[in-house]
Amino acid sequence: MIAMEQLQAGYRGHAVTPLLQGRIAAGAMMALVGENGCGKSTLLKTLAGLLPPVAGNYTLGVPRSQIGWLPQQSEIEKQFPISVFDLVAMGSWQRSGWFKRIGRALRNEIMASLSKVKMADFADAQPDELSGGQLQRVLFARLLMQQASLLLLDEPFSGIDSQTVDLLLALLREQHQQGRTMIVVLHDRAVVDEWFPEVLCLQREQAIWSPPTSHLSLLSSSPRQAGASL
Ligand SMILES: Nc1ncnc2c1ncn2[C@@H]1O[C@H](COP(=O)(O)OP(=O)(O)OP(=O)(O)O)[C@@H](O)[C@H]1O
């Protein structure tokens, strides 16, 4: 699904990642790991189309509308003056349309997503009334509603208790079993070893793919050139 050819991610022409050459297959459940500052978030933002590549190029096998994106900090989301229910409903806007009334079937789906993350009782709450872990569960419910085929999650478990981490990991595995592709930035080696069959480790000089990726000499479709946006 994702092919990277001599890709380097960074800011304003300055690379922060090593050269990335390889592919991530559709349906992969991949952990993105490495020391602080090695460029994990920067790579994820680049793949999400929020930053242009500094060098090389990549292809995503899906349109940008099929990306489910969970950034590292969700404090901004907390200030949104809407209910938890509406925040989760935002995940389905592509299916329902922005200004259409939410019908019974969609309402049930939203409540089912909130139940999956054990937050159904908070449907009428405001995001700023939630703890960090509760808000993260709500954002996962929104992600489920999105039904995106590519999930890019940046440290989704930081500051979350282990029970909740297990709940969210089980949901991710369910998404994986449904054929979705995911790249998740993680720091907890035990979580990576237990849950993630594939790992991309960024180091200063090189990237280590596990299992080793097939070398790419050609990209199959029009690549994103450095400087281009999605
Ligand atoms: N907006 C920015 N402009 C310029 N440089 C940045 C910007 N954001 C981050 N950096 C730098 O890019 C490098 C990589 O940062 P990044 O956040 O991608 O690392 P990371 O691997 O995700 O780190 P961590 O594990 O601490 O979250 C760091 O040296 C950081 O200082």
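To keep things clear, this report deals only with the structure shown in the data block.

What counts, and at which threshold
Residues numbered from 1 in each chain as written. Predicted model: local features only at pLDDT ≥ 70, side-chain atom pairs only at ≥ 80, totals over all residues. Helix = DSSP H or I, 4+ residues; strand = E, 2+ residues; numbered from the N terminus. Buried ≥ 20, exposed ≤ 12 C-beta atoms within 10 Å, placed from the backbone. Contact = placed C-beta atoms within 7 Å. Near = placed C-beta within 6 Å. Core = buried A, V, L, I, M, F, W, Y, C linked by C-beta atoms within 7 Å. Pairing = 2+ DSSP bridges. Axes fitted to C-alpha atoms, helices over the stretch in contact; angles between N-to-C directions. Right-handed = clockwise from strand over helix to strand, strands pointing away. Expected span 1.5 Å × (residues − 1).

With that settled, consider the overall build of the protein. On a plain count of helices and strands, the protein comes out with eight helices and eleven strands. Going through the 230 residues of the protein one by one, you find that 35% of them count as buried. Sequence separation of 24 or more characterises 75% of the internal contacts of the protein that already satisfy a separation of 6 or more.

For the ligand, the full set of nearby residues is Tyr11, Val16, Gly34, Asn36, Gly37, Cys38, Gly39, Lys40, Ser41 and Thr42. If you tally residues by element for the shell around the ligand, the top one is helix 1 (residues 40–47), at three residues.

Okay, unusual backbone geometry next. Phi is mostly negative for residues that are not glycine, and the peptide bonds are mostly trans. Note the cis peptide between Ser210 and Pro211, where omega equals -5°. Mapped onto the fold, Pro211 is located in the segment after strand 11 (207–210). The phi angle at Gln6 is positive, at roughly 50°, despite the residue not being glycine. Inspection of the secondary structure assignment puts Gln6 in strand 1 (residues 2–8). Using a count of 14 C-beta atoms within 10 Å as the deciding quantity, one classes Gln6 as partly exposed. If you check the backbone angles, Glu155 has positive phi at about 45° while not being a glycine. Its place among the elements puts Glu155 in the loop between strand 8 (150–154) and helix 7 (162–177).

Here we come to the nonpolar core. Counting 52 residues, the largest nonpolar core has Met30, Leu32, Val88, Val138, Ala141, Ile183 and Val184 as the members making the most contacts within it. Among the elements that take part in this core, helix 6 (residues 132–146) stands out by supplying eight residues, more than any other. In contact with Ile183, not counting residues within four places along its chain, are Ile24, Met30, Leu32, Leu44 and Leu152.

What follows concerns the sheet that holds strand 6 (residues 55–59). Taken together, the three strands give an open sheet; going across it, the order is 4-1-6, and neighbouring strands pair in antiparallel fashion. Across the chains shown, the open sheet's two edge strands, defined by having one partner strand only, are strand 4 (20–24) and strand 6. When strand polarity is set aside, the average angle formed by the axes of neighbouring strands in this sheet is 10°. Across four bridges, the pairing between strand 1 and strand 6 is antiparallel.

What follows deals with the pairing of strand 9 (residues 181–185). A large share of strand 9 lies buried, amounting to five of its five residues. Here strand 9 shows no split at all, with Thr181, Ile183 and Val185 on one side and Met182 and Val184 on the other all buried. For strand 5 (residues 29–34) and strand 9, the ladder comprises four bridges, and the chain directions are parallel. The residue bridging Met29 from the neighbouring strand is Met182, located in strand 9. Pairing of strand 8 with strand 9, which is carried by five bridges, proceeds in the parallel orientation. The partner of Leu151 across the bridge, within strand 9, is Met182. Remark: the strand 8/helix 7/strand 9 crossover connection has right-handed handedness.

This part takes up helix 6. Because the α-helix completes a turn every 3.6 residues, residues three or four places apart line up on one side. Helix length check: helix 6, at 15 residues, gives a terminal C-alpha distance of 21 Å against a target of 21 Å (1.5 Å per residue), a fit within 8%. Within helix 6, twelve of the 15 residues are buried, which leaves it mostly tucked inside the rest of the structure. Within helix 6 the residues assigned to the buried category are Leu135, Gln136, Arg137, Val138, Leu139, Phe140, Ala141, Arg142, Leu143, Leu144, Met145 and Gln146. With its phi angle positive at about 50°, Gln147 sits one or two positions after the end of helix 6.

Time to look at helix 5 (residues 104–116). Between its first and last C-alpha atoms helix 5 spans 18 Å; for 13 residues at 1.5 Å apiece the expected length is 18 Å, and the two agree. On its buried face, helix 5 sits against helix 3 (84–89) and helix 6.

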